[in-house]
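Topology and contacts: notes
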Amino acid sequence: MSIKFALLGFLSETPLTGYDLKKKFSASEIFHWSGNNNQIYRALVELHDEGLVSVDVQQQANKPPRKVYTITEAGRAALRAWIGVTPEPPQIQHALLEKLTWADQSEPELISAMLTSYAEDLRVYLLMLREREQRNGGTPLQRRIAEHWQSFYQSELDWVSTLRHSLER
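First things first, this report covers the structure right here in the doc.

Among the secondary structure elements, His94 is positioned in the loop between α4 (73-83) and α5 (95-100). Non-local contacts of His94, meaning those with residues more than four positions away in its chain, are made with Tyr118 and Glu156.

Printed below as a string of structure tokens:
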């Protein structure tokens, strides 16, 4: 996924600053992007150069100017065109499965402790997702996406529980 389309998506909801966009990425369950601010600002400059966003420079007393970005009609058209392209299947990086691939070289107690800790982290994360959904609501489609993530983490938690029980036997 291109950072540019994520930026256009966020800007399609409301005008935002680069700082606001970085916060949106950080708060999102979907966009696990850990890039730096320079990547966001570089992409915003490119989007502006391509005519997909406009920028309003707002002067502030005793602070650097504040740049507020707004999606243009050309940006909305580009976003709609991107939405219409069939996505590739997800490629999931799964740290637990990577570790389990060679876990039989370790002591059973260590594996059990790692799985117990992982399951607890999943439970806490799932509770956080559910609470966030109750607070935020969102559009019907956004609620369905939230349900998908909850289902994913619940399935992961169930699988780990089954794995732990089978390893204890």
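Here we come to the side chain of Glu133. Note that Glu133 resides in helix α6 (residues 108-136). Lacking a salt bridge, the buried Glu133 has Arg143 as its closest oppositely charged neighbour, with an N-O distance of 5.8 Å. Leave out the neighbours within four places in its chain, and Glu133 touches Arg143, Ala146, Glu147 and Gln150.

Right, let's talk about a nonpolar patch on the surface for a bit. A surface patch of nonpolar side chains, about 270 Å² in accessible area, is lined by Ile30, Leu141 and Ile145. Within the secondary structure, Ile145 sits in helix α7 (residues 140-168).

With 18 residues, the main nonpolar core has Leu7, Leu8, Leu11, Leu21, Phe25, Ile40 and Leu44 as its most contacted residues. Elements represented by at least two residues in this core include exactly α1 (3-13), α2 (18-27), α3 (37-49) and β3 (63-71). Residue contributions to this core peak at 6 residues, all from α1. Residues Ala103, Ala119, Tyr153 and Val160 belong to the second largest nonpolar core, which totals 12 residues.

Cut-offs applied
Sequence order as written defines the numbering, with residues in each chain counted from 1. In view of the model being predicted, local features appear only for residues whose pLDDT reaches at least 70, and side-chain atom pairs are presented and counted only at 80 or more, with totals across whole chains, interfaces and linings using the full set of residues. Hydrogens and waters are ignored; side-chain quantities use all the structure's heavy atoms. Counting from the N terminus, the helices are DSSP H or I runs at least four residues long and the strands are E runs at least two residues long. Here, two residues are considered to be in contact whenever any of their heavy atoms come within 4.5 Å of each other. Partly exposed residues are those whose accessible area sits between 20% and 50% of the maximum for their type, while under 20% is buried and over 50% is exposed, using a 1.4 Å probe and protein chains only. Counted as positive: Lys and Arg. Counted as negative: Asp and Glu. His and the chain ends are not counted at all. The salt bridge definition used is simple: a Lys or Arg side-chain nitrogen within 4 Å of an Asp or Glu carboxyl oxygen. Nonpolar side chains (Val, Leu, Ile, Met, Phe, Trp, Tyr) within 5 Å and like charges within 9 Å form the patches, drawn only from residues with over 30% relative accessible area and no salt bridge. Computed with the Shrake-Rupley method and a 1.4 Å probe, the accessible areas treat only the protein chains shown as cover for residues. What is meant by a nonpolar core is a set of buried Ala, Val, Leu, Ile, Met, Phe, Trp, Tyr and Cys residues, joined one to another through side-chain atoms within 4.5 Å.

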